[in-house]
Amino acid sequence: MNQDMPGQVQFEGDELERARTYSAQKPLFVRWAMQLSGGLIKNEKEAQIALIGLAGILLAASVFVLMSGPDANEEPPPRDPSDYAS
């Protein structure tokens, strides 16, 4: 550490290069999308578009499932009194 500037971080050797390389990496989901696409997705922008599309499809499917549940105004099925006999 440099004594002239206390509190300043000094990198030695390739530590600075490793820090730059780490910050320049693609996001994890983008890398996964590119790897799992089997070569269909070739760059980071295509992967981002595909992930946004996937999120939209999953959101639409969630809304569909939630809206297709039982109707609040629907009468429940009749109860069989023998179910409660002890």
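Keep in mind that what you see is a predicted model, and the values were worked out from it rather than measured.

Caption draft 1: Up close: the overall build of the protein. If you tally the helices and strands in the protein, you get three helices and zero strands. Reading the helices (α) and strands (β) of the protein from amino to carboxyl end gives α-α-α.

Caption draft 2: How the structure looks around the nonpolar core. Listed in full, the five residues of the largest apolar core are Val30, Ala33, Met34, Ile41 and Ala47. Here the element with the most residues in this core is helix α2 (residues 28–36); it accounts for three residues. Apart from the residues within four sequence positions on either side, Met34 is in contact with Lys26, Gly39, Ile41, Lys42, Asn43, Glu44 and Ala47.

Caption draft 3: Focus on the environment of Lys26. The topology assignment puts Lys26 in the loop between α1 (15–23) and α2. Along the chain, Lys26 and Glu44 lie 18 residues apart, while their C-alpha atoms are 7.5 Å from each other. Residues within four places of Lys26 in sequence aside, it is in contact with Arg31, Met34 and Glu44.

Caption draft 4: Expanded view of the packing of α2 against helix α3 (residues 44–67). α3 packs onto α2 with a crossing angle of 95° between their chain directions and a minimal axis gap of 9 Å. As summarised for this structure, α2 and α3 are arranged roughly perpendicular, according to the angle between their axes. Along its contact with α2, which presents Phe29, Val30, Ala33 and Met34, the element α3 presents Glu44, Ala47, Gln48 and Leu51. Among the residues making up the contact of α2 with α3, the classes are represented as six nonpolar, one polar and one charged.

The rules we used
- Per-chain numbering applies: the sequence of each chain, read as written, is numbered from 1 onward.
- Where local features are concerned, this predicted model is filtered to residues with pLDDT of at least 70; where side-chain atom pairs are given and counted, the filter is 80 or more; whole-chain, interface and lining totals use all residues.
- For the side-chain quantities, the full set of heavy atoms in the structure was used; hydrogens and water were omitted.
- For the purposes of this entry, the term helix denotes a DSSP run of H or I that reaches at least four residues, the term strand denotes a run of E that reaches at least two, and both are numbered from the N terminus.
- Remark: nonpolar core denotes a set of buried residues (Ala, Val, Leu, Ile, Met, Phe, Trp, Tyr, Cys) joined through side-chain atoms within 4.5 Å.
- Working definition: with a 1.4 Å probe on protein chains only, accessible area under 20% of the residue-type maximum means buried, over 50% means exposed, and in between means partly exposed.
- We call two residues contacting when some pair of their heavy atoms lies within 4.5 Å.
- Here the axes come from fitting lines to C-alpha atoms, over the contacting stretch only for helices, and the angles between their N-to-C directions go from 0 to 180 degrees.
- Angle categories are assigned with fixed cut-offs, so that under 35 degrees is roughly parallel, over 145 is roughly antiparallel, 65 to 115 is roughly perpendicular, and the rest are oblique.
- Nonpolar residues are Ala, Val, Leu, Ile, Met, Phe, Trp, Tyr, Cys and Pro. Charged residues are Asp, Glu, Lys and Arg, and all others, Gly as well, are polar.

The values are spatial; any link to function lies outside them.
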